[in-house]
Each structure stands twice: as structure tokens, then as C-alpha cells.
Amino acid sequence: MHEVSLMEQTIEIALAQASKQGASQIHRMKMRIGDMSGVVPEALAFAFDVVTQGTIAAGAKLEIESVPVTCFCPNCQQEFHPPDIFYECPECGEPRTKMLAGGEIELTSLEVS
Ligand SMILES: [Zn+2]
């Protein structure tokens, strides 16, 4: 995953939202990053410092909430958190489980003034 280009896109969205609100400064941003999204939070935080330079988001605080992977087993009709990148159900070994969460990359909140 390319954290810098990802962050550039995220900042673009944030700047567009801030300007829509007539804000002149972004103070805080929150993102949700799934454990299976391939994004490294530390790399994202570093990219954030770089791409916000010279923008109204410079100096803003970035909060990253990591989201654990959650899968659903159609046999057992229950959710579980796979211990690794294998999505088999720990109860019955069903491989056709569905990933419900863990792949998200979202900008969830923006604090501006
Ligand atoms: Zn199962």
C-alpha cells in the first residue's frame, strides 16, 4: 500500500470539506484503518506530516483508529476474529467466510475552524 498517495487523497477530501465549511484551519482528523487494509499506521502518520505541509491541515493532529478483522461464518452463523490472514472459521474450518470489517480506510471525522 502506498501510504503517501493514500494520504494525499485523504487530505484532498479533508481540504474540500473544510473549504465547503468555510474553515481556515484543520485541527484534527480521525481515520479508521482496518487491520487487513494493508496500510501501516506509522507510515500513514509520517505521510500525513509530509503532505499537510503548506496546507491548512499543517500541524493538525491525526488520530488513527485501527479496526480488527471481523469475519462471519455461514455455517456457525457467528462472527469471529481470525488470528491471522486466514479467514477460516475457528469452530468448523469453513473457508468461505465473509469479511465484515478490517479492510476499511476511512476519514471519519474532521475538526476545523
Ligand atoms: Zn464455522
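All values derive from a computational prediction rather than experimental measurement. (Residues numbered from 1 in each chain as written. Predicted model: local features only at pLDDT ≥ 70, side-chain atom pairs only at ≥ 80, totals over all residues. Heavy atoms only, no water.)

## Notes on the overall build of the protein chain
Across its full length, the protein chain holds 2 helices and 6 strands. Listed N to C, the secondary structure of the protein chain is α-β-α-β-β-β-β-β in terms of helices and strands. The C-alpha radius of gyration computed for the protein chain amounts to 17 Å, which surpasses the reference 13 Å derived for 113 residues by more than 25%, pointing to a less compact arrangement than a globule. When its C-alpha atoms are laid out on the principal axes, the protein chain stretches across 55 × 25 × 15 Å. Expressed as a percentage of the 113 residues in the protein chain, the buried residues total 32%. For the protein chain, the proportion of contacts with a sequence separation of at least 24, taken over those separated by at least 6, is 68%. Carbon and sulfur atoms form 50% of the exposed surface of the protein chain, whose accessible area is close to 6800 Å². (Helix = DSSP H or I, 4+ residues; strand = E, 2+ residues; numbered from the N terminus. Rg over C-alpha atoms; globule rule 2.2 N^0.38 Å. Buried < 20%, exposed > 50% of the residue type's maximum accessible area, 1.4 Å probe, protein only. Contact = heavy atoms within 4.5 Å. Areas by Shrake-Rupley, 256 points an atom, 1.4 Å probe, with all protein chains shown as cover.)

## Regarding the pairing of strand 2 (residues 61-67)
Examined bridge by bridge, strand 1 (residues 26-34) and strand 2 share 7 bridges and lie parallel to one another. Of the residues in strand 2, the one forming a bridge with R28 is K61. Taken together, strand 1, helix 2 (residues 41-51) and strand 2 constitute a β-α-β crossover, and its handedness is right-handed. (Pairing = 2+ DSSP bridges. Right-handed = clockwise from strand over helix to strand, strands pointing away.)

## Structural notes on the coordination of the zinc ion
Here the zinc ion is held by the protein donor atoms C73 (SG), C76 (SG), C89 (SG) and C92 (SG), which lie 2.2 to 2.4 Å from it. Each of the 4 donor atoms around the zinc ion contributes to a set of angles spanning 105 to 114°, which defines the coordination as tetrahedral. Counting residues between consecutive donors of the zinc ion along the chain gives the motif C-x2-C-x12-C-x2-C. With C76 in the loop between strand 3 (70-73) and strand 4 (78-80) and C89 in the loop between strand 4 and strand 5 (98-101), the pair connects residues that are 13 residues apart, well separated along the chain. Under the relative-accessibility criterion, C89 is labelled buried at 4%. (Donors = N, O, S within 2.8 Å, 3.2 Å for Na, K, Ca; no water. Tetrahedral: all angles 85-135°; square planar, octahedral: opposite > 155°, others 65-115°.)

## Structural notes on the sheet that holds strand 3
Pairing within the open sheet is antiparallel, and its 3 strands lie in the order 4-3-5. Strand pairing shows two members of the sheet lacking a second neighbour, strand 4 and strand 5, which therefore form its edges. The average angle at which neighbouring strand axes cross in this sheet is 35°, direction not considered. Where strand 3 meets strand 5, 3 bridges bridge the pair, whose relative direction is antiparallel. Opposite F72, over in strand 5, you have K98 as the bridge partner. (Axes fitted to C-alpha atoms, helices over the stretch in contact; angles between N-to-C directions.)

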